[in-house]
Amino acid sequence: MSKAKDSEKQKQVAGKVEALLKKMSLEEKVGQLNQVGGAEFAPGPKAEDQIRKGGAGSVLWLNDTKKFNELQKIAMEESPSGIPLLFALDVIHGYRTIFPVPLAMAASWDPNVPEKTQTIAAKEARAAGLHWTFGPMLDICRDPRWGRIVEGAGEDPYLGSAMAVAQVRGFQGDDLSDAERVLACAKHFAGYGYSDGGRDYDPVYLSESQLRNIVLPPFKAATDAGVATFMSAYMDLNDVPATGNRWLLRQVLREEWGFEGFLVSDAFAVGNMVVQHHAKDGREAALRGLNAGMNMDMSSYTYTENAAKLVKEGALTEAEIDELVRPILTIKFKMGLFEKPYVDETLLEKVIALPEHRTASRWAAQRSMVLLRNEGGLLPLSKDIKKVAVIGPVADSMQATEGSWMVFGHTPAAVTVLEGVRAKLPNAEVTYASGPEIRRDIPSWFESLMAGQERKPEQTPAESEAAFQSALEVAKAADQIIMVLGETDIMAGEAASRASLDLPGRQEELLKAVSALGKPVVLVLLNGRPLSINWAAENIPAILEAWEPGTEGGNAVADILFGDANPGGKLPVTFPRKGSHAPLYYARNMTHSPESSPLYNPRYWDGLPVPLYPFGFGLSYTTFEFSNLKVSAEKIKVGASLTVSVDVTNTGKVAGDEVAQLYIHQQYGTDTRPIRELKGFERITLQPGEKKTVTFTLGANELTYWSSNAGKWIQDPASFDLWAGSDSQASLHAEFEVTA
Ligand code: BGC
């Protein structure tokens, strides 16, 4: 749309919003600020009754196309001003067609992956009658004990920002009136990935420099990409609940970044300001939320119960309420919901049947997988093998293959690894054993929201031993063993933090016993977080990190294991050797006794806390060489840019993908800067012998940082190192200088 047309449209929408606001009662305005829970566990009066009297702006936790139309009809025809509802749900990595979990998509290091898959997720969700998804989750996380690491893009703000923009584009497109898209929601604002000890919901303490340099960049990038909504985080950020954090919500988001959409709290988080001992009571919680600029209360009814009273007693003005309602109405008008409030109930079945959705799921899964080890070129396996054993508790689990957030009536329907291998080898004998079960010691409340997840009684020691022995028997009879180990879907995600990163249950014991048989063993990992697989990393020759790969996950694993696809993913997060080493990340500062010094003090006396696998790491079935690293200028002035180029050559025998990565280090300055920071990447495909030159730009955007010392954004005149290569330990080095 042309600029002139666009601003004309904006004016028209603004006019409609003002006209509507004039008609609405105070109670109705407060209704727009209320999000009603459509699930049984949600508190509050019946959704229908709230909607009828104009007490609801949005409904969540409902996944029922027919019901959407019924509720919408009440809103349009029976509520005082006939304002359409927004239907919202967590469509995190697919609606019916499930894609790899967000952490996996980040491992593709290819923004086309999340952009394409979220476009499809939006199309399916919209066809089901949803308008709004609670994604992308943009929480940078450097502590894999935190279960929700699976929902984000890992540890790095640069990679995280690229994935944020791609997801916003995928969900929203570039026009909110696009009837095949949904509103995106940047969450959880902000700092949730830094909870103390990785314990979900625990408090977060972050300096302004950590916030601005590490945590906030993906949110800023999403804002610049036009994200329509934001969700606040649950916890206290530096002693102030994020939901009532005026500095964060008003100063940073609205004033500095110019965000024009609306904010929703996390579930019950407005009311929880009382639970968190910040607000004296509901009245004060509402006041704090409203004052901080929190537009919509997710299901705690704190606004419904208090906001109008607050205006009547003079604690707030009606104009302040209008200011909070305005962006919600604006978005409803921009989406065209007043003209087209209903969904065609026959659409979804047609949309989900589109073959390109499954094709995209398989493609995304292939591109997300990371080859961690391949001694002696064991992989790819030959398709001529006759007897293959597929073993492990997640080898035939649809839930573990789909991953987190498969709730609210979703029926699991993934191709498991076992099925994928069987489909790939129609002439082989493919046997299977699960081995002993794995389970959470403490159940997840999410289990009650999921289909097919009824908690079974725990295996007795005798049953576990029988399962162990029968897995060994199955392994003994095969020529090739594929172990599929890791975590189930409910072991990562919300309320799924853990203290250890070991393979749960008896999986490592089984792996050792199977390996002792002396047959070739390949390990496939299905999991939503880094695991400390130290023993496997030294003893199992081939390891494929497949994450939670989605609907076509098993086929994608088989494609890679048998050479129909060449892995090219890279870790978006450091793999520590132990959970207790967390947080462990590559972009740390130099200390007075660096690892390279003769005075190096082991950071712990019981084992070096160096990563098992570094950030950015991943192998291929071919090999690559980086050479000819060049900077366009040895010196540039503050504010100017230079280009960096590097040649990448495929030195192996098959075509493959490499991710060229660029890291910088500012050698000195107003503040100490990290020893390495990612500032550019590009995933490329190379034929055997082919060479490509990759070019990056470094300028003020990449070289400016928030300085604790200066208390503002600065760019220092200083010398810089740079490295280009295939991971965060790249050694090809050059230097340049920035002068005043
Ligand atoms: C989660 C959010 C989610 C919301 C709505 C909360 O428990 O923290 O990420 O979007 O529920 O389901």
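Scroll up a little and you will see the structure.
Residues numbered from 1 in each chain as written. Predicted model: local features only at pLDDT ≥ 70, side-chain atom pairs only at ≥ 80, totals over all residues. Heavy atoms only, no water.

Let's shift gears to the packing of aromatic side chains. Throughout the structure, instances matching the rule amount to 27 aromatic pairs. Geometrically, the ring pair formed by Trp109 and Phe615 is tilted, given 5.4 Å between the ring centres and 55° between the ring planes. Highlighted residues: Trp109 in the loop between α5 (102–107) and α6 (112–127) and Phe615 in the loop between α22 (553–561) and β17 (624–631), separated in sequence by 506 residues. Look at Trp109 and you get buried, because its relative accessible area is 0%. For Phe615, a relative accessible area of 0% gives the class buried. On the basis of an interplanar angle of 90° and a centroid distance of 5.4 Å, the ring pair of Trp405 and Phe446 is categorised as edge-to-face. Highlighted residues: Trp405 in the loop between α17 (398–402) and α18 (417–424) and Phe446 in the loop between β13 (429–433) and α19 (461–476), separated in sequence by 41 residues. A residue is classified by how much of its surface remains accessible, and Trp405, at 12% relative accessible area, is buried. What makes Phe446 buried here is its relative accessible area of 7%. In this structure an aromatic cluster arises from ring pairing among Trp109, Tyr158, Tyr586, Phe615, Tyr663 and Phe681. For Lys116, the ring lying beneath its charged end belongs to Trp363, and the centroid distance is 4.9 Å. (Phe/Tyr/Trp six-rings, centres within 6.5 Å; stacked < 30°, edge-to-face > 60°. Helix = DSSP H or I, 4+ residues; strand = E, 2+ residues; numbered from the N terminus. Buried < 20%, exposed > 50% of the residue type's maximum accessible area, 1.4 Å probe, protein only. Lys NZ or Arg CZ within 6 Å of the ring centre and 35° of its normal.)

Here the focus is the packing of helix α8 (residues 208–215) against helix α9 (residues 217–224). Running from N to C, α8 and α9 cross one another at 50°; their axes reach a closest spacing of 6 Å. With respect to each other, α8 and α9 are oriented oblique. In this structure, α8 contributes Leu211, Arg212, Asn213, Ile214 and Val215 to the contact, and α9 contributes Pro217, Pro218 and Phe219. Residues of the contact of α8 with α9, tallied by class, amount to six nonpolar, one polar and one charged. (Axes fitted to C-alpha atoms, helices over the stretch in contact; angles between N-to-C directions. Parallel < 35°, antiparallel > 145°, perpendicular 65-115°, else oblique. Contact = heavy atoms within 4.5 Å. Nonpolar A, V, L, I, M, F, W, Y, C, P; charged D, E, K, R; others polar.)

Another point: the site of the ligand. The immediate surroundings of the ligand are formed by Trp61, Asp90, Phe134, Arg148, Lys187, His188, Met231, Tyr234, Asp266, Met298, Trp405 and Glu494. The separation between an oxygen atom of the ligand and a polar side-chain atom of Asp90 is 2.4 Å. Here Lys187 contributes a side-chain N or O atom positioned 2.8 Å from an oxygen atom of the ligand. For the ligand, whose unbound accessible area comes to 310 Å², protein coverage reaches 97%. (Near = heavy atom within 4 Å. Polar contact = N/O pair within 3.5 Å; in protein donor to acceptor, adjacent residues only side chain to side chain. Areas by Shrake-Rupley, 256 points an atom, 1.4 Å probe, with all protein chains shown as cover.)

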